[in-house]
Each structure stands twice: as C-alpha cells, then as structure tokens.
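In case you want the letters, here they are:
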Amino acid sequence: MRREIYAYRCRRCDAVQYPFRMVCKACRQNDFFEFDPVPLPRRGTLLTFTHVHNLPLDFAVARLGLGIVELENGLRITGQLDVAEPKIGMAVEGEVEVVRRADYDEYHGMVFRAA
Ligand SMILES: [Zn+2]
C-alpha cells in the first residue's frame, strides 16, 4: 500500500494548507469539521537543501540530506533528500518512507529523489 501524507482543504474557500491548522490561513474559518484531507502531491522543485553530518546516535547513516521542496500545488515541505549532487531548482519526486527508527517506533516522512 502506498503511504500518503495529507494536507487539508478548506471547504469554504478551497485553500489547501499543511500541516493542519485549526484556522484557515485564507478565510479564517475555524470549524474543525470544515477541512477535507487531500494527499500531498509527490512532485516538486527543490528550493534549498543541506546535509547533516552530526546526527543522533540512533541514525544508521553518517550523513543525511534534507531539502525544502515546493510541491506542484505550491505548498512547501521539508523532506529527506536522496540525491548525490542536489541542485537548487531541480525537479524531485517524493515517496513516503520510514525516515527514522527509534526503539520500537518507525517515523514516516517524505524522501525526495531526482524526478
Ligand atoms: Zn478557507
């Protein structure tokens, strides 16, 4: 089964926001039941990136790429970046994968690769 990360569409004004907020950024409505979950798009453009070298001990890698990506619908999210030589402006595509394992828990997030 393909995993999804959900954004939330306001039923009153159609604005999509991520992560979830109790108040719509566009029209300020604040009824909890007036938002519909919609999957985040997978494709986007890499806006900026960095590599983290000093990770917590429970990470199984020595170096981790992180990128901020503007998705096709304009939302911006942070995700792991699995690209050997990333370039700002490149097209990327994400998959929801396990990004961290700690004790008995698995944490999921978006992992971007070159599109
Ligand atoms: Zn709204």
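Worth saying up front: this structure is predicted, and the values here are computed from it rather than measured.

Visitor: Would you take a moment to explain the domain arrangement of the protein chain for this structure?
Guide: When cut into domains, the protein chain gives domain 1 (6-39) and domain 2 (43-114). Placing a centre on the C-alpha atoms of domain 1 and another on those of domain 2 gives a separation of 25 Å.

Visitor: Help me out: how do you make sense of the environment of Phe 112 in this one?
Guide: Within the secondary structure, Phe 112 is located in strand β8 (residues 105-114). On the basis of neighbour counts, which here come to 29 C-beta atoms within 10 Å, the residue Phe 112 falls in the buried class. With 70 residues separating them in the primary sequence, Phe 112 and Arg 42 have C-alpha atoms 8.6 Å apart. Setting aside residues no more than four positions away along its own chain, Phe 112 makes contact with Gly 67, Val 69, Gly 79, Gln 80, Leu 81, Asp 82, Val 92, Glu 93 and Gly 94.

Visitor: I'm lost on the sheet that holds strand β5 (residues 64-71) in this one. Help?
Guide: Sheets are built from strands that pair by backbone hydrogen bonding, the pairs being arranged parallel or antiparallel. Strand order in the closed barrel made by the five strands is β4-β5-β6-β8-β7, with mixed pairing throughout. The mean angle between the axes of side-by-side strands here comes to 45°, regardless of whether they run parallel or antiparallel. Note: β5 against strand β6 (residues 76-81), five bridges, orientation antiparallel. Bridge assignment links Ile 68 to a residue of β6, and that residue is Thr 78.

Cut-off values and rules
Residues numbered from 1 in each chain as written. Predicted model: local features only at pLDDT ≥ 70, side-chain atom pairs only at ≥ 80, totals over all residues. Domains from an automatic or database assignment. Helix = DSSP H or I, 4+ residues; strand = E, 2+ residues; numbered from the N terminus. Buried ≥ 20, exposed ≤ 12 C-beta atoms within 10 Å, placed from the backbone. Contact = placed C-beta atoms within 7 Å. Pairing = 2+ DSSP bridges. Axes fitted to C-alpha atoms, helices over the stretch in contact; angles between N-to-C directions.

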